Amino acid sequence: MSRIGKMPIAIPAGVTVTIAENNHVTVKGPKGTLERTLPAAMTIKQEGAEVIVTRPNDLKQNKSLHGLTRTLINNMVIGVTAGYSKVLEINGVGYKANKNGKVLELSLGYSHPINMPDPEGITTTVENNTIKIEGIDKEKVGQHAAEIRSKRGPEPYKGKGIKYSTEHIRRKVGKTGK
């Protein structure tokens, strides 16, 4: 039995979960609304202030989808109550970020600035050399953070580039003179 899949999802006060046909789940909360169509093989039931996900049988495919389905619903509930955020750090001489309306402007040592508009439902803020990405959809927040980081990933010699605040860069030793 899936240890994650069999755990019930507690629904906090102020959050409503509606389960439509084809497992189309809508979660409404104080921060907004999230919708997602989940795998049809899973059975999703709401019992009081809990959502329970069950699988029809023990086929490998259904075992895989069981924990995934439960986690996706749980992430939606957390998103509409607390939200998600990622923090990126910019390291390097002359590397900087500015916010111009809904567009993030990055100067990363290229011959041109890089402009990245905020996706729907995502906000980015810039303070000193950090970029904070916030939103209610965990997948969109993580994807946007990964796209920003990919514009200039951290290099192992001086640590220049964009990295997550929690990321540790394994440093390499440079050339030695004879």
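Residues numbered from 1 in each chain as written. Predicted model: local features only at pLDDT ≥ 70, side-chain atom pairs only at ≥ 80, totals over all residues. Heavy atoms only, no water.

**Q** Lay out the overall build of the protein chain with the relevant residues and their values.
**A** For the protein chain, the helix and strand inventory stands at 2 helices and 13 strands. Relative to its length of 178 residues, the protein chain is extended, with a C-alpha radius of gyration of 21 Å against a globular reference of 16 Å. Based on the C-alpha atoms only, the size of the protein chain along its principal axes is roughly 70 × 45 × 25 Å. For the protein chain, the proportion of its 178 residues judged to be buried stands at 33%. (Helix = DSSP H or I, 4+ residues; strand = E, 2+ residues; numbered from the N terminus. Rg over C-alpha atoms; globule rule 2.2 N^0.38 Å. Buried < 20%, exposed > 50% of the residue type's maximum accessible area, 1.4 Å probe, protein only.)

**Q** Tell me about the nonpolar core, and name the residues and values.
**A** Ranked by size, the top nonpolar core spans 19 residues in total, and within it Val17, Val25, Val27, Ile44, Val51 and Ile73 carry the most contacts. Of all elements in the fold, only strand S3 (24-29), strand S6 (50-54) and helix H1 (60-81) reach the threshold of two or more residues within this core. Looking at which element gives the most residues to this core, the answer is H1, with 6 residues. Contacts of Val27, omitting those with residues within four sequence positions, involve Val15, Thr16, Val17, Gly32, Thr33, Leu34, Met76, Val77 and Val80. (Core = buried A, V, L, I, M, F, W, Y, C linked by side-chain atoms within 4.5 Å. Contact = heavy atoms within 4.5 Å.)

**Q** Go over helix H2 (residues 138-150), please, and point to the residues and values.
**A** Look at H2: 18 Å from first C-alpha to last across 13 residues, which is about the 18 Å you get at 1.5 Å a residue. Those residues of H2 that sit buried are Val141, His144, Ala145 and Ile148. The buried residues of H2 occupy an angular sector of 100 degrees when the element is viewed end-on, so they sit on one face. Of the surrounding secondary structure, the elements contacted by the buried residues of H2 are strand S7 (84-91), strand S9 (103-107), strand S10 (114-117), strand S11 (122-127), strand S12 (130-135) and strand S13 (161-164). In this structure Asp137 caps H2, since a side-chain oxygen of it lies 3.2 Å from the backbone nitrogen of Glu139. (Expected span 1.5 Å × (residues − 1). Arc of directions from axis to C-beta. Polar contact = N/O pair within 3.5 Å; in protein donor to acceptor, adjacent residues only side chain to side chain.)

**Q** Would you mind going over unusual backbone geometry in detail, with residue names and values included?
**A** Phi is positive for Asn22, close to 60 degrees, though the residue is something other than glycine. Position of Asn22 among the secondary structure elements: in the loop between strand S2 (16-19) and S3. The exposure class of Asn22 is exposed, given its relative accessible area of 59%. The backbone phi angle of Asn23 is positive, close to 55 degrees, even though this residue is not glycine. Turning to its location among the elements, Asn23 is positioned in the loop between S2 and S3.

**Q** How would you summarise the packing of aromatic side chains if you had to cite specific residues and measurements?
**A** Under the criterion given, the structure shown has 0 aromatic pairs. Sitting above the plane of the Tyr164 ring, Lys86 keeps its charged end 5.4 Å from the centroid. One residue, Arg152, lies across the ring of Tyr110, its end atom 4.4 Å from the ring centre. (Phe/Tyr/Trp six-rings, centres within 6.5 Å; stacked < 30°, edge-to-face > 60°. Lys NZ or Arg CZ within 6 Å of the ring centre and 35° of its normal.)

**Q** An account of the environment of Ala41 is needed here, citing residue identities and associated values.
**A** Along the chain, the position of Ala41 falls in the loop between strand S4 (32-37) and strand S5 (43-47). Along the chain, Ala41 and Leu65 lie 24 residues apart, while their C-alpha atoms are 8.4 Å from each other.

**Q** Please give an account of the sheet that holds S5 that cites residues and values.
**A** What the 3 strands build is an open sheet, ordered S1-S6-S5; its pairing is antiparallel. Edge positions in the sheet fall to strand S1 (9-10) and S5, since each has one partner strand and no second. As judged from the 2 bridges shared by S1 and S6, these two strands associate in the antiparallel manner. When the bridges of S6 are listed, Ala10 appears paired with Glu50. H1 contacts S1, S5 and S6 of the sheet and is inclined by roughly 160 degrees relative to S6. (Pairing = 2+ DSSP bridges. Axes fitted to C-alpha atoms, helices over the stretch in contact; angles between N-to-C directions.)

**Q** Run through the pattern of salt bridges, naming residues and quoting values.
**A** Side chains bearing opposite charge may pair, as long as their charged atoms lie close to each other. Evaluation of the coordinates by the stated rule reveals 6 salt bridges. One salt bridge in this structure joins Asp118 and Lys99, with 2.4 Å as the shortest N-O distance. With Asp118 in the loop between S10 and S11 and Lys99 in strand S8 (residues 96-100), this residue pair connects regions lying 19 residues apart in the sequence. Its relative accessible area of 15% is what places Asp118 among the buried residues. (Salt bridge = Lys/Arg side-chain N within 4 Å of Asp/Glu carboxyl O.)

In short, geometric facts, not functional conclusions.
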